[in-house]
Amino acid sequence: MSFIAKQDTKAYKFLELERVRQRDGIELIASENYVSQAVLEAIGTVFTNKYSEGYPGKRYYAGNEIVDEVETLAIERAKELFEAEHVNVQPLSGSPANMAVYFALLKPGDKVLGMKLDHGGHLSHGHPVNFSGMMFDFSQYMVDKDSGRVNMDEVREIALKEKPKMIVAGFSAYSREMEWQRFREIADEIGAIAFADIAHVAGLIAGKQIANPTPFFDVVSTTTHKTLRGPRGAIIMCKKEYAKAIDKAVFPGLQGGPHDNTTYGKAVAFGEALTADFQEHTAQVIKNAKVMAEELMKKEFKIVSDGTDNHLMVVDLRSKNKTGKEVTDALDKAGISVSMSTIPFDPNPPMNPSGIRLGTPAITTRGMMEEEMKRIAQWVSDGVDHSDDEAYLENLRKEITEFCKEFPVPGI
Ligand SMILES: *Cc1c(COP(=O)(O)O)cnc(C)c1O
């Protein structure tokens, strides 16, 4: 980074500060990860200079012979990773990818069924403040109050009653496996399009740790920067019959030129995800999450659905008489990053919800294992218990900074 350092000391300072922040803290935000040095390099290359509106072999600009190869490489690797018939690797991020899916396969006002935000769904699955909820007529399924799991009989009931044109299966804050097959059956029963948004678990699917809906869903979207550990961005996968509609919706429907440096990074990240090392890594991500959930439950924390099958867990803080906001702020002071989260049927407002969401992808990338999960669970618990004690949290931060030195972050 010698050029930034020399040319722009003001901007460079922020880079140094952020590197230190990422190095010295424990990253438990479930949607975050640390990309490899190779992916970091890839997204900072001359591919950022190129304009490539169109698709491989059909561009509106000259000089795309090499970009065509890069995009094709990313597509071929994604096809292999997810067993997809068709892949579009141009979406700029998860929400725009979902927008392209809706625009490709629906008309404004069409009925859609998606998971409710405070039950684990994503904003782009029909929340009223999001374009999805404004433009389409969403109904929403929830989790069961006692089990904390999606009740598939209820999903079917709503589907039969509402007859949506599309059913969205997927989540941002749900720690159990989705019953992809049941969603497919319900969609078939009413003739709906089955759409899976695997943004959170794509890495676990690519690593062959949990079930993959791609072979039997009509369309699947995913971000590339969460458990998949690639650059910020997204891809859309679909059956051949929807390929044209999806491609047209992404470009020219929604986007102009793709970000070729990001496409390059996606190709490199997908190459990593195809390795046995990545499978091992994702197995450890899940093992670590299970250990952390168990440890927290031993310390009288309530985990929604009483455990996890994936990389994340939603912690209901009401048993500790704390809220998501105060715990998030307190843990941040101790050097532990978490995100606040609503819990199903949350009595508190979204800006100060009753829970936090924790995830293990980033800390597993640093090489932390079961033993470290136990220590971290203890620190989370201590931080919650001492959320008003600034001096305690400051001391905890020092201990955590020391601990983090043993676990290097790629690229730092
Ligand atoms: C993160 C996420 C998205 C949105 O991704 P952005 O890149 O933040 O726009 C969409 N769907 C789900 C399920 C997600 O978890």
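This text gives an overview of the structure that appears in the document. Computed from a prediction, not measured in an experiment: that's the story for all the values here.

### Some points on the packing of helix α5 (residues 94-105) against helix α10 (residues 240-254)
It is at 8 Å that the axes of α5 and α10 come closest, and there the two elements cross at 120°. What the angle tells us is that α5 and α10 run oblique. In terms of crossing hand, the pair formed by α5 and α10 is right-handed. Contact residues: Pro 96, Met 99, Ala 100, Val 101, Phe 103, Ala 104 and Leu 105 in α5; Tyr 242, Ala 245, Ile 246, Ala 249, Val 250 and Leu 254 in α10. Looking at the contact of α5 with α10 residue by residue, the classes come out as 13 nonpolar, no polar and no charged.

### Describing the site of the ligand
Around the ligand sit 14 residues in total, of which Ser 93, Ser 95, Ser 172, Asp 197 and Lys 226 are the nearest. One nitrogen or oxygen atom from the side chain of Ser 172 is found 2.8 Å from an oxygen atom belonging to the ligand. Within the complex, the protein chains bury 85% of what would otherwise be the 380 Å² of accessible surface of the ligand. Here the shell around the ligand takes three residues from α5, the largest share from any one element. Partitioning the shell around the ligand into residue classes produces two nonpolar, 10 polar and two charged.

### So, the pattern of salt bridges
The full count for this structure, using the stated rule, is 24 salt bridges. Among the ionic pairs, Lys 165 bridges to Asp 110, the shortest N-O distance being 3.4 Å. One end of the pair, Lys 165, is in the loop between α7 (152-162) and β7 (166-170); the other, Asp 110, is in the loop between α5 and β5 (111-115), and 55 residues separate them in sequence. A relative accessible area of 18% places Asp 110 in the buried class. Across the pair Lys 111 and Glu 162 runs a salt bridge whose closest N-O atoms are separated by 3.4 Å. With Lys 111 in strand β5 and Glu 162 in helix α7, this residue pair connects regions lying 51 residues apart in the sequence. With a relative accessible area of 22%, Glu 162 lands in the partly exposed category. Because the salt bridges share partners, they merge into one network encompassing Arg 59, Asp 68 and Glu 71.

### Overview of the nonpolar core
Grouped burial of nonpolar side chains is what soluble globular proteins tend to show. If you look at the biggest cluster of nonpolar residues, it comprises 48 residues, and the most contacted ones within it are Phe 82, Tyr 141, Val 150, Ile 167, Met 178, Phe 183 and Ile 198. Membership of the second largest hydrophobic core comes to 34 residues, among which are Ala 293, Leu 296, Ala 330 and Ile 363.

### A few points about the packing of helix α4 (residues 65-82) against helix α11 (residues 260-273)
Where α4 meets α11, the axes come as close as 9 Å, and the angle between the chain directions of the two elements is 35°. In the crossing of α4 with α11, the sense of the turn from one axis to the other is left-handed. Between α4 and α11, the contacting residues are Val 67, Val 70, Glu 71, Leu 73, Ala 74, Arg 77, Ala 78 and Leu 81 on the first element and Asp 260, Thr 263, Tyr 264, Ala 267, Val 268, Phe 270, Gly 271 and Ala 273 on the second. Here the contact of α4 with α11 is composed, by residue class, of 11 nonpolar, two polar and three charged.

### A short note on empty space enclosed by the protein
For the structure on display, the rule yields three cavities of 30 Å³ or more. As for the largest cavity, its lining consists of 15 residues, of which His 119, Ala 173, Val 304, Val 314 and Pro 344 are closest to the centre. When its residues are assigned to classes, the lining of the largest cavity shows seven nonpolar, seven polar and one charged. In terms of domain composition, the lining of the largest cavity takes at least three residues from each of domain 1 (40-273) and domain 2 (283-404). Along the walls of the second largest cavity sit Phe 171, Arg 176, Glu 177, Met 178, Trp 180, Val 201, Ile 210, Asp 309 and Asn 310, which together make up its complete lining. Looking at side-chain class alone, the lining of the second largest cavity contains five nonpolar, one polar and three charged residues.

### Some details on the sheet that holds strand β14 (residues 339-341)
Note: strands within a sheet are paired through backbone hydrogen bonds, in either parallel or antiparallel orientation. Reading across the sheet, the four strands line up as β11-β12-β15-β14 and stay open at both edges, with antiparallel pairing between neighbours. Lying at the two open borders of the sheet, with one neighbouring strand each, are β11 (302-303) and β14. Direction of pairing for strand β12 (residues 312-316) relative to strand β15 (residues 355-359): antiparallel, over a ladder of five bridges. Within β15, the residue paired with Asp 316 across the bridge is Gly 355. Packing of helix α12 (residues 276-298) onto the sheet brings it into contact with β11, β12 and β15, and relative to β12 it is tilted by some 15°. In the packing of helix α13 (residues 324-333) onto the sheet, contacts are made with β14 and β15, and the angle to β15 comes to roughly 45°.

### Some thoughts on the layout of surface pockets
Each pocket or cavity is described by its volume, and for the largest pocket that value is around 810 Å³. Lining the largest pocket are 27 residues, and of these Gln 22, Val 35, Leu 40, Ile 43 and Pro 410 lie nearest its centre. Every element with two or more residues in the lining of the largest pocket is listed here: α2 (9-24) and α3 (37-43). The element that contributes the greatest number of residues to the lining of the largest pocket is α2, accounting for five residues. In terms of residue class, the lining of the largest pocket is built from 11 nonpolar, nine polar and seven charged. The volume enclosed by the second largest pocket comes to roughly 520 Å³. Contributing to the lining of the second largest pocket are 19 residues, with Leu 117, Gly 121, Met 340, Ser 341 and Thr 342 lying nearest its centre.

### Regarding the side chain of Asn 261
In this structure, Asn 261 sits in helix α11. A polar side-chain atom of Asn 261 sits 2.9 Å from the main-chain carbonyl oxygen of Ile 43. Setting aside residues up to four positions removed in sequence, Asn 261 forms contacts with Ala 42, Ile 43, Thr 45, Phe 47 and Thr 48.

Criteria and thresholds
Residues numbered from 1 in each chain as written. Predicted model: local features only at pLDDT ≥ 70, side-chain atom pairs only at ≥ 80, totals over all residues. Heavy atoms only, no water. Axes fitted to C-alpha atoms, helices over the stretch in contact; angles between N-to-C directions. Helix = DSSP H or I, 4+ residues; strand = E, 2+ residues; numbered from the N terminus. Parallel < 35°, antiparallel > 145°, perpendicular 65-115°, else oblique. Left-handed = near helix turned anticlockwise from the far one by under 90°. Contact = heavy atoms within 4.5 Å. Nonpolar A, V, L, I, M, F, W, Y, C, P; charged D, E, K, R; others polar. Near = heavy atom within 4 Å. Polar contact = N/O pair within 3.5 Å; in protein donor to acceptor, adjacent residues only side chain to side chain. Areas by Shrake-Rupley, 256 points an atom, 1.4 Å probe, with all protein chains shown as cover. Salt bridge = Lys/Arg side-chain N within 4 Å of Asp/Glu carboxyl O. Buried < 20%, exposed > 50% of the residue type's maximum accessible area, 1.4 Å probe, protein only. Core = buried A, V, L, I, M, F, W, Y, C linked by side-chain atoms within 4.5 Å. 1 Å grid on protein atoms, 1.4 Å probe; cavity = no way out; pocket = protein on both sides within 12 Å on 5 of 7 lines; lining within 4 Å. Points joined across faces, edges and corners; volume = space filled by probe spheres on them. Domains from an automatic or database assignment. Pairing = 2+ DSSP bridges.

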